[in-house]
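Residue-level structural notes
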Number of protein chains: 2
Amino acid sequence: MSILVVGSIALDTVETPFGKASDSPGGSALFFSAAASFFAPVKVVGVVGEDFDFSVINFLTKKRVDLSGIRVEHGQTFRWGGRYQQDMNMRDTLYTHLNVFESFQPIIPSHYQTCKFVFLANIDPVLQLQVLRKMVSPTLIVLDTMNFWIAGKRLELMEVIRQVDVIILNDEEIKELTGQYNIQKAAHILLQWGPRHLVIKKGEHGAMLISENDYFTAPAYPVIEVIDPTGAGDSFAGGFVGYLATCSRLTNLNFRKAVAYGNTVASFAVESFSFKRLQEIDRRQIELRYQQFRKFTHF
Amino acid sequence: MSILVVGSIALDTVETPFGKASDSPGGSALFFSAAASFFAPVKVVGVVGEDFDFSVINFLTKKRVDLSGIRVEHGQTFRWGGRYQQDMNMRDTLYTHLNVFESFQPIIPSHYQTCKFVFLANIDPVLQLQVLRKMVSPTLIVLDTMNFWIAGKRLELMEVIRQVDVIILNDEEIKELTGQYNIQKAAHILLQWGPRHLVIKKGEHGAMLISENDYFTAPAYPVIEVIDPTGAGDSFAGGFVGYLATCSRLTNLNFRKAVAYGNTVASFAVESFSFKRLQEIDRRQIELRYQQFRKFTHF
């Protein structure tokens, strides 16, 4: 099944204790696509400026990613700069230049509107609602968001939440969204708002999947050398949605496996700057690490 | 198989967002004993002051815990006071009055010296070495320690580490002990110093077991309402060593299961102040939650 993703496309300048990469392709839509395309065809909606060099994302086209929904607008591509500390859970944003992304209006080509799987990456909930109105009859809608929208566009975000099947948040976001410090209680509140599944990302500590009638908790795959955590969350989402798009039925067990695939793909993504590692590997390497992850966690 | 534990016995005054308990029994030796005694007989070595009311730990005697190795010294019992913040991963120590514990000299009764399992709770490594010299032919020695000894008695601690089979640390401690920020690399260094197994406790994020030829990572059991985290680490150790003491062979799989039992017992311990919850439950309730934990983590 095809997956639609709507999100940001950026040129990231990232410094970590292991080095620096300047103006490398990034953004939620691209990280998601790179990860999900190991599993299923992906169609991307996003915007770049005239300065964007499409040759750097050529590998996505080869991997069944449809880039025809990326519009080139007059101006510069969204740029983000960040620096990770020695403890790579901490990062400082050095700059955020929205550029053409500031006035992003997602236009969903007609051949995109029948995608069965939809990933709404972290963008303005008003735009997320516009996207949903265009979709014909999606099987599964998965939402990501961030504290900026939780604080600034709460009503609109709540309307999106009512319409989605799965919401992916980190532990801070779910606390802020529900006003409940206890994660188990916060999850209970959120599942009453509409989504049938909630995924809580905990970075190096793994992820939890809380569903109406299931509960799953998984550690992260133990990465020996984390080089750059940028994009880990969107790579997780890509592995997660990508795997579900291959399933004939969306059972609880398949949702659990999807979390494990999400963890697995994210574990590769952080082993290099930008998409470098995701470009090097293939589906077979993901499968090997997934099986290893299974072995690491079962008893 | 019987387990020997040598550690602190304290009267804790703890404030959490859920209430306050004053001068409740605590300390590493008692938390460990309360947890391990669900599985195997435990023999305790420790010291209390003349003010200690043994009736508050009567329940331990009923649970096959031998308290005859606890000496009553002239003076007051070790007292600790702490306050947990809203985020219960953060706590402030309000006071530490070592009292009789300051001059603790562990004396191992002769009928204790043949215990096959030994847990060296967090005390001065010089004393831990004295204990080891008294033991006849232990099957498994498990060590806990803390940053205070890592910084202050490094040479003595290294000598203990050389002599033990398993070391239990938290993520901060292993970084400080090895000087290596990356946990996977730190584990590799530590396993070259002597222990065959390393357990890294990560609190609400679970635990990792890194052995010479095995790797296991587990999330924590999802506790709905954490009332007081004091003693969670020693309860984990109690469940861990307690389960191993029931095994006819110390296989990698049994070590994995021991981590899961440690997680399970700790999840009960934090549901009340002091040992209250551990007094209420029985082995059957531990088994039910262990099976639930298994169900929560497998895919």
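The following paragraphs examine the structure supplied in this document. Sequence order as written defines residue numbering, which begins from 1 separately in each chain. Chains carry letters from A onward and ligands carry numbers from 1 onward, assigned in written order. Local features in this predicted model are restricted to residues of pLDDT 70 or higher, and side-chain atom pairs are both shown and tallied only at a pLDDT of 80 or more, whereas totals for entire chains, interfaces and linings draw on every residue. Excluding hydrogens and water, the side-chain values take into account all heavy atoms of the structure.

Notes on the pattern of salt bridges
Selection rule: Note on definitions: salt bridges are taken to be side-chain nitrogens of Lys or Arg within 4 Å of carboxyl oxygens of Asp or Glu. The helix count covers DSSP runs of H or I at least four residues long, the strand count covers runs of E at least two residues long, and both are numbered beginning at the N terminus.
In this structure the tally under the stated criterion is 30 salt bridges over all chains. Between B:Lys185 and A:Glu225 there is a salt bridge whose closest N-O contact spans 2.9 Å. Of this pair, B:Lys185 sits in helix α7 (residues 183-191) while A:Glu225 sits in the loop between β13 (214-218) and α8 (232-244), placing the two residues on different chains. Note that B:Arg289 is salt-bridged to B:Glu271, the shortest N-O span being 3.0 Å. Of the two residues, B:Arg289 sits in helix α11 (residues 283-297) while B:Glu271 sits in the loop between α9 (252-269) and α10 (276-280), which places them 18 residues apart along the sequence. Among the charged side chains, a network of salt bridges with common partners joins A:Glu271, A:Lys276, A:Arg277, A:Glu280 and A:Arg289.

What about the sheet that holds strand β2 (residues 10-16) of chain B?
Residue and element names in this part refer to chain B. The test is simple: Should DSSP find at least two bridges between two strands, the strands are regarded as paired. Every angle, taken between N-to-C directions, lies between 0 and 180 degrees, and every axis is a line fitted to C-alpha atoms, over only the stretch in contact when it is a helix.
Spatially, the 4 strands line up as an open sheet ordered β3-β2-β6-β7, and their pairing is mixed. Looking at strand neighbours, the two that pair on one side only are β3 (19-26) and β7 (91-97), the edges of this open sheet. Averaged over neighbouring strand pairs, the angle between their axes works out to 15° when direction is ignored.

A short note on the layout of surface pockets
Picture a little ball the size of a water molecule; that probe, rolled over the atoms, points out where space is still empty. Quick note on the threshold: Points on a 1 Å grid, built from protein atoms alone, make a cavity when a 1.4 Å probe fits but cannot get out and make a pocket when they are open with protein on both sides within 12 Å along at least 5 of 7 lines; residues with an atom within 4 Å of a point are the lining residues. Grid points are joined across faces, edges and corners, and a volume is the space filled by probe spheres set on the points. Under the grouping applied here, Gly and all other residues not named as nonpolar or charged are polar, the nonpolar ones being Ala, Val, Leu, Ile, Met, Phe, Trp, Tyr, Cys and Pro and the charged ones Asp, Glu, Lys and Arg.
Roughly 260 Å³ of internal volume is contained in the second largest pocket. If you go around the second largest pocket, you meet 19 residues; those closest to its centre are A:Gln184, A:Ile210, A:Tyr215, B:Ile224 and B:Phe296. Elements with a contribution of two residues or more to the lining of the second largest pocket: α7 (183-191), β12 (207-211) and β13 of chain A together with α11 of chain B. It is α7(A) that contributes the most residues to the lining of the second largest pocket, 4 residues altogether. Here the lining of the second largest pocket is composed, by residue class, of 9 nonpolar, 5 polar and 5 charged.

Digging into the interface of chain A and chain B
Selection criterion: Whether two residues are in contact is decided by their heavy atoms: any pair within 4.5 Å suffices. Two parts placed together each lose some accessible area under a 1.4 Å probe, and the buried area is that loss summed for both. Between N or O atoms, a polar contact is any pair within 3.5 Å; within protein, one atom must be a potential hydrogen donor and the other a potential acceptor, and residues adjacent in sequence are included only when both atoms are from side chains.
On the chain B side, the residues contacting the 31 residues of chain A number 31 residues. Both faces combined, the contact of chain A with chain B buries some 2,900 Å², and carbon together with sulfur accounts for 59% of it. The interface formed by chain A and chain B contains 2 salt bridges. There are 14 residue pairs in polar contact (both at pLDDT 80 or more) connecting chain A and chain B. Taken together, the elements giving at least two residues each to the side of chain A that touches chain B come down to α7, β13, α9 (252-269) and α11 (283-297) of chain A. A per-element tally of the side of chain A that touches chain B places α11(A) first, with 6 residues. Residue composition of the side of chain A that touches chain B, grouped by class: 15 nonpolar, 7 polar and 9 charged.

Observations regarding the side chain of A:Thr16
All names here are of chain A. As a reminder of what qualifies: For every residue, the accessible area obtained with a 1.4 Å probe (protein chains only) is divided by the maximum for its type, and the residue is called buried under 20%, exposed over 50%, and partly exposed between those limits.
Within the secondary structure layout, Thr 16 lies in strand β2 (residues 10-16). A residue is classified by how much of its surface remains accessible, and Thr 16, at 9% relative accessible area, is buried. Setting aside chain neighbours within four positions, we find Thr 16 in contact with Tyr 84, Met 88, Ile 227, Asp 228 and Phe 273.

Things to note about the pairing of strand β4 (residues 42-49) of chain A
Residue and element names in this part refer to chain A. Of all the 8 residues making up β4, 8 are buried; the element is thus mostly covered by neighbouring parts of the structure. Of the two faces of β4, the one lined by Val 42, Val 44, Gly 46 and Val 48 and the one lined by Lys 43, Val 45, Val 47 and Gly 49 are each fully buried. Note that strand β1 (residues 3-6) and β4 share 4 bridges and pair parallel. By the bridge assignment for β4, Val 5 is matched with Val 44. As paired elements, β4 and strand β5 (residues 65-73) share 7 bridges and run parallel to each other. Note on β5: the bridge partner recorded for Val 48 is Val 72.

Focus: the sheet that holds strand β7 (residues 91-97) of chain A
All names here are of chain A. Reading across the sheet, the 4 strands line up as β3-β2-β6-β7 and stay open at both edges, with mixed pairing between neighbours. Since the sheet does not close on itself, it has two edges, and those belong to β3 (19-26) and β7, each with one partner. The sheet shows a mean angle of 15° between the axes of neighbouring strands, direction not considered. In the sheet, β2 pairs with β3 via 6 bridges, with the strands oriented antiparallel. The partner of Val 14 across the bridge, within β3, is Ala 21.

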